[in-house]
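Here is how the chains run, residue by residue.
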Amino acid sequence: MEARRKMVHSNYERDGGSNKSEIGSKGICEGPSDLSDILRGLASKLRHRDRGLAASSYVSMNTKLSPPGWPSNKRPNKRALLCGVSYNNKRKYRLRGTVNDVKDMRDLLINKFGYPAHCIRVLTEFEAKEFHPTKKNIENSMKWLVEDCQPGDSLVFYFSGHGLRQPDFKDDEIDGFDETICPVDFMQEGMIVDNDINTAIVKPLKPGVKLHALVDSCHSGTILDLHHVYDQKIKQWKDNSPPSGASKSTSGGLAICLSACEDHQLAADTTVFTGKTMYGALTFIFIEVIKQNSNLTYGQLLEDLSETFDENASRVKCLNSRTLARLFGYRITQKPLLSSSEKFDVYLTKVSL
């Protein structure tokens, strides 16, 4: 951790030169229209230099072919869905780090956790049309992820993109808001709400099936609507059950979610860790921590993530803008959140995707 922290501190130093790091938020701010316009305008100005990843340099990450020697009747017990939304069709919403996030998550799953490449489905705007991160494709791919799941299966859902909140009219949210993720066509087709995500990939989980979700977007705290949320301050699980009494449980399996921030917070999309390449802050730190520790527990992971964000938060001015600095207290405060369908000892249970 010490070597990584030094690197992070170094890259967080800000100056006026051409190598200045950039910070963006992975959410589209709510509130009065004039405030939203201010935030969107500032985000647009910061991102106007980006033309997105050149399609000619992109190599597809989807493969339908099993590796040589793979038995034709062998059913893989690991499957992953990775979504990286860049919003290249909407310049003012554009994110530059999401494809990098997906590439590195895919490499981690293959090289660290033994996921077969042909069992990982990747959705980005640079893939073939059937793998664009549209609302329809994401929803269909979530069904694919849990389809015919069997005891012993390990599943991963990963999303890097914008997230929002909207009023909850079903009385199943403690804070009164539903959390959402934004597909590339969310302006036309709408967002994907936490209730629907829960129905799609949490409820179908059978006994012996484990799902890990990693969601790197704003307002992503309880995006899977799981019954238990871990409070790092008191080191206890807190009840997140819907006030309405609605069931958000699995069908006997286990769902664990690591979110980039709490429900009311923003999540950073930034170059500060590398100096050049844009990444989601949570994704970059998560991957580095996992790579450096083979026996990491969930408790240790949370501590490492939180310490890194806390140590560097005071160095980060929101989008390097005085207006946003005043609005958000001179920084984007980001506290990763762990939630689960079942309580477990976070300091005894090792992270294994």
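Residues numbered from 1 in each chain as written. Predicted model: local features only at pLDDT ≥ 70, side-chain atom pairs only at ≥ 80, totals over all residues. Heavy atoms only, no water.

J.: I'd like a rundown of the packing of aromatic side chains, residues and numbers included.
T.: Under the definition given, this model contains 7 aromatic pairs. Both rings, one in Tyr-93 and one in Phe-186, keep their centres 5.7 Å apart while their planes meet at 50°; by these two values the pair is tilted. Of the two residues, Tyr-93 sits in the loop between β2 (78-84) and α3 (98-111) while Phe-186 sits in helix α5 (residues 186-189), which places them 93 residues apart along the sequence. With a relative accessible area of 9%, Phe-186 lands in the buried category. Centre to centre, the rings of Tyr-298 and Phe-344 are 5.2 Å apart; their planes meet at 65°, and the pair counts as edge-to-face. Taken together, the residues span a long stretch of sequence, with Tyr-298 in helix α8 (residues 298-313) and Phe-344 in the segment after β14 (337-340) at a distance of 46 residues. Judged by its relative accessible area of 4%, Tyr-298 is buried. (Phe/Tyr/Trp six-rings, centres within 6.5 Å; stacked < 30°, edge-to-face > 60°. Helix = DSSP H or I, 4+ residues; strand = E, 2+ residues; numbered from the N terminus. Buried < 20%, exposed > 50% of the residue type's maximum accessible area, 1.4 Å probe, protein only.)

J.: Explain the nonpolar core to me, and be specific about the residues and the numbers.
T.: Leu-82, Leu-109, Phe-286 and Leu-338 are the most contacted members of the largest nonpolar core, which has 46 residues in total. Elements that contribute at least two residues to this core include exactly β2, α3, β3 (120-123), β4 (154-160), β11 (254-259), α7 (281-292) and α8. In terms of residue count, the dominant contributor to this core is α7 (7 residues). What Leu-82 contacts, discounting residues up to four positions off in sequence, is Val-102, Met-105, Arg-106, Leu-109, Ile-120, Arg-121, Val-122, Leu-123, Val-156 and Tyr-158. If you look at the next biggest cluster of nonpolar residues, it comprises 37 residues, including Val-146, Ile-197, Leu-205 and Ile-223. (Core = buried A, V, L, I, M, F, W, Y, C linked by side-chain atoms within 4.5 Å. Contact = heavy atoms within 4.5 Å.)

J.: Quick rundown of the confidence of the model for the chain? Include the residues and the values.
T.: Averaged over every residue, the pLDDT of the chain is 80; the share at 70 or more is 75%. Of the regions scoring below 50 in pLDDT, residues 29-52 engages in 41 contacts with residues more than four places distant in sequence or in other chains. (pLDDT = per-residue confidence, 0-100.)

J.: So, the pattern of salt bridges: which residues are in play, and what are the values?
T.: Taken as a whole, this structure holds 5 salt bridges when the rule is applied. For the salt bridge of Asp-175 with Arg-165, the shortest nitrogen-to-oxygen distance reads 3.7 Å. Here the residue Asp-175 occupies a position in the loop between β5 (163-167) and β6 (177-181), and Arg-165 occupies one in strand β5, the gap between them amounting to 10 residues. By relative accessible area, Asp-175 is classed as partly exposed at 34%. Taking the shortest distance from any N to any O, the salt bridge between Asp-225 and Lys-248 comes out at 3.3 Å. Residue Asp-225 is found in the loop between β8 (210-216) and β9 (228-231), and its partner Lys-248 is found in the loop between β10 (236-239) and β11; the two are separated by 23 residues along the sequence. Residue Asp-225 shares its accessibility class with Lys-248, and that shared class is buried. Overlapping salt bridges bring together Asp-172, Asp-225 and Lys-248 as one network. (Salt bridge = Lys/Arg side-chain N within 4 Å of Asp/Glu carboxyl O.)

J.: Explain the pairing of β8 residue by residue, including any values.
T.: A regular strand places its side chains so that they alternate between the two faces of the sheet. For β8, the buried fraction is high: 6 of the 7 residues fall into the buried class. Note that β4 and β8 share 7 bridges and pair parallel. Counterpart to Phe-159 in the pairing with β8 is Val-215. Note that β8 and β11 share 6 bridges and pair parallel. Its bridge partner lying in β11, Leu-214 is registered against Leu-258. (Pairing = 2+ DSSP bridges.)

J.: Lay out the sheet that holds β5 with the relevant residues and their values.
T.: Taking strand neighbours across the sheet as the criterion, the 3 strands line up as β5-β6-β7 in an open arrangement whose pairing is antiparallel. Two strands lie at the open edges of the sheet, namely β5 and β7 (192-193), each paired on one side alone. By the bridge criterion, 2 bridges tie β6 to β7 in an arrangement that is antiparallel. Within β7, the position partnered with Ile-181 by the bridge is Ile-192.

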